[in-house]
There are 2 protein chains.
Amino acid sequence: MSPTGPRAAFRTRLREAVEAHGPLCVGIDPHPGLLSAWGLDADPAGVERFARGVVEALAGHVALFKPQVALFEVYGSAGLGALERALADAREAGALTLADAKRGDIGSTMAGYARAWLGDDAPLAADAVTLSPYLGVGALAPALDLAVATGRGVFVLARTSNPEASGVQSAQAWVAGPGGSPPDTQRSGAGHRRMREVAQSVVDALADHNAAHAGGLGDGSAGAVVGLTRGTTGRDHGLDLAALGGPVLVPGLGAQGGTPADVAAVFGASGPSGALGEAGGPVVPVSAREVLTAGPDHGALRAAVGALNGSLTG
Amino acid sequence: MSPTGPRAAFRTRLREAVEAHGPLCVGIDPHPGLLSAWGLDADPAGVERFARGVVEALAGHVALFKPQVALFEVYGSAGLGALERALADAREAGALTLADAKRGDIGSTMAGYARAWLGDDAPLAADAVTLSPYLGVGALAPALDLAVATGRGVFVLARTSNPEASGVQSAQAWVAGPGGSPPDTQRSGAGHRRMREVAQSVVDALADHNAAHAGGLGDGSAGAVVGLTRGTTGRDHGLDLAALGGPVLVPGLGAQGGTPADVAAVFGASGPSGALGEAGGPVVPVSAREVLTAGPDHGALRAAVGALNGSLTG
């Protein structure tokens, strides 16, 4: 399968969808409270009607759907069956899906998770999956490689907005090479070394992966998850996304307190002047509750999406 | 439900099982190669016969079963259905189960994962679940709290043996308080501060949780996953497990190169002289392939388990 064949690279397809509909990613989060508001039971049948209802209302109107796997998994195999049918609906409608599963393991186990979410014949196949790198970005290679091979994508947690995260994501390790400033830089017999934050090391590893696969079916296949917090990017202790060369998923819009203005402030305008530079992106902000509370009426759901996309691009 | 009521704390039940059968935890890992060796197809029916066969052969002969969730999830909802039935078999046989799912998220999503694996009425309910702390141990609170409430357990990834892990798990952050040695300690106007590794900070957070719940239904409910690598514990850059006050799951036996002698060398004898002290433990080493290749014959599986438990306690 060539990059210009029947399936283009995930990032190419995502860019086209963002151009057509705006950057918003709509979370499919069947929380019990939302199910109740939609007149549905908190059971596998209710979850299925909810998820397929969101797809039916919004396919062709949003760039990306992001089902929250935990909220299906709580119903066990029956809940995952509902997710399979919602993913199939989206596939048939030509809508892109990102399974928010935050999986991460090593070796043949990681290969299992990769096939589960990114395999061409997998019942749960999505266009992309979120991954968690506590075992190292390198351990996620089976998923990154399968994404390249199949024209799919991954979004790896880099820096999240929750306050408990800093003990892991802001910890620092020495790396070889120039850069940094005292006291976080040292000169030794072997040359310079500097300290790098865990979150930055995740971004850098994804950047290396994307640089090695630019232009092909795996172009920009390794995305990052970066929370919508002012100060996330920028000169002081900021995350440098300029070399990422892939898309950025931005949770935190709406219910979690972030605004469309924050997206512009943190990530800048798209294109060369933005935090991701010309080779990176797109930046895809997520909203779930703010959209879903407008349902189940299809027109109201579409209006909510249109309003958010308007304020994100306006 | 009181600690001495119908269900004791998970760690109490695990200790009793280890005393009865030895410390070995048997992984239920339906790899395609193993399925083939057992004469089974790599499909949901094959996975179900494999997993339920392991439980049928070994319930009452091992302390703990650890199904590897990824290898069920690869078959989608049908694979998870097979896992549900294997977990139910173990429950009926009175055998303890640890779902190796490595889940981790925040807020209501984390609460979903907690209910999925630790909820009394969940189809996938196990006695314990593995968690991944890239979002911070604090973000895993819904699972730690539900484990306390239901007499179940969690095992949080702390330090793993895979080479890609060190960039995250060995990164360091400043924490307040005395300890440490130059150049990794500083004195400022506000007092001492020292650097602490991410892996140690995970262990310390679990220790705090266990200290707050000692003696009740949540006694020792927060365990750690620590790889079987020489040098993991000990004076130099070692992990200090003395205050953990909970069990330790040790992958790496057998196929991953570790030996029973390594378990003793790294974690010491059980009891006051071991790395976990009197209040910690038990230490539960995992083997999957080395046991499972002996199957599907029940006697051969039991013999493999008996031999490994013998060398772990001999």
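Below or above, wherever it landed, is the structure these notes cover. Since we're looking at a predicted model, the values are computed, not measured.

Rules behind the numbers
- Residues numbered from 1 in each chain as written.
- Chains lettered and ligands numbered in written order.
- Predicted model: local features only at pLDDT ≥ 70, side-chain atom pairs only at ≥ 80, totals over all residues.
- Heavy atoms only, no water.
- Helix = DSSP H or I, 4+ residues; strand = E, 2+ residues; numbered from the N terminus.
- Buried < 20%, exposed > 50% of the residue type's maximum accessible area, 1.4 Å probe, protein only.
- Contact = heavy atoms within 4.5 Å.
- Least-squares fit on C-alpha atoms with pLDDT ≥ 70 in both.
- Pairing = 2+ DSSP bridges.
- Axes fitted to C-alpha atoms, helices over the stretch in contact; angles between N-to-C directions.
- Polar contact = N/O pair within 3.5 Å; in protein donor to acceptor, adjacent residues only side chain to side chain.

### Quick word on the side chain of Ser77(B)
At step 1: Here Ser77(B) shows up in helix H5 (residues 76–92).
At step 2: Here Ser77(B) falls in the buried class, since its relative accessible area comes to 15%.
At step 3: The contacts of Ser77(B), once residues within four sequence positions are left out, are Ser77(A), Leu80(A), Gly81(A) and Glu84(A).

### Some words on the relation of the copies chain A and chain B
The two chain copies are related to each other by a rotation about an axis together with a translation along it.
At step 1: Between chain A and chain B, the superposition needs a rotation of 180 degrees and an axial shift of 0.0 Å, giving an RMSD of 0.0 Å. Here the transformation between the copies is reduced to the relation of a two-fold axis.
At step 2: Most of the interface of chain A is mirrored in chain B: 98% of its interface residues are interface residues there too.

### Considering the sheet that holds strand E1 (residues 25–28) of chain B
Residues and elements named next belong to chain B.
At step 1: One closed barrel holds the eight strands; their spatial order is E1-E2-E3-E4-E5-E9-E10-E11, and the pairing between them is parallel. Averaged over neighbouring strand pairs, the angle between their axes works out to 30 degrees when direction is ignored.
At step 2: As defined by bridge partners, strand E4 (residues 128–131) adjoins strand E5 (residues 153–159) across four bridges and the pair is classed as parallel. Counterpart to Thr-130 in the pairing with E5 is Phe-155.

### With respect to the side chain of Asp127(A)
At step 1: Here Asp127(A) is to be found in the loop between helix H6 (107–118) and strand E4 (128–131).
At step 2: Of note is the side chain of Asp127(A), whose polar atom sits 2.9 Å from the backbone nitrogen of Thr97(A).

### As for the sheet that holds strand E9 (residues 222–226) of chain A
Residues and elements named next belong to chain A.
At step 1: The eight strands are arranged E1-E2-E3-E4-E5-E9-E10-E11 in a closed barrel whose pairing can be described as parallel. When strand polarity is set aside, the average angle formed by the axes of neighbouring strands in this sheet is 30 degrees.
At step 2: In terms of strand pairing, strand E3 (residues 96–103) meets E4 through three bridges, oriented parallel. Within the sheet, the bridge partner assigned to Ala-99 lies in E4 and is Val-129.
At step 3: Sheet strands in contact with helix H7 (residues 141–150) are E4, strand E5 (153–159) and E9, and its direction is about 140 degrees off that of E5.

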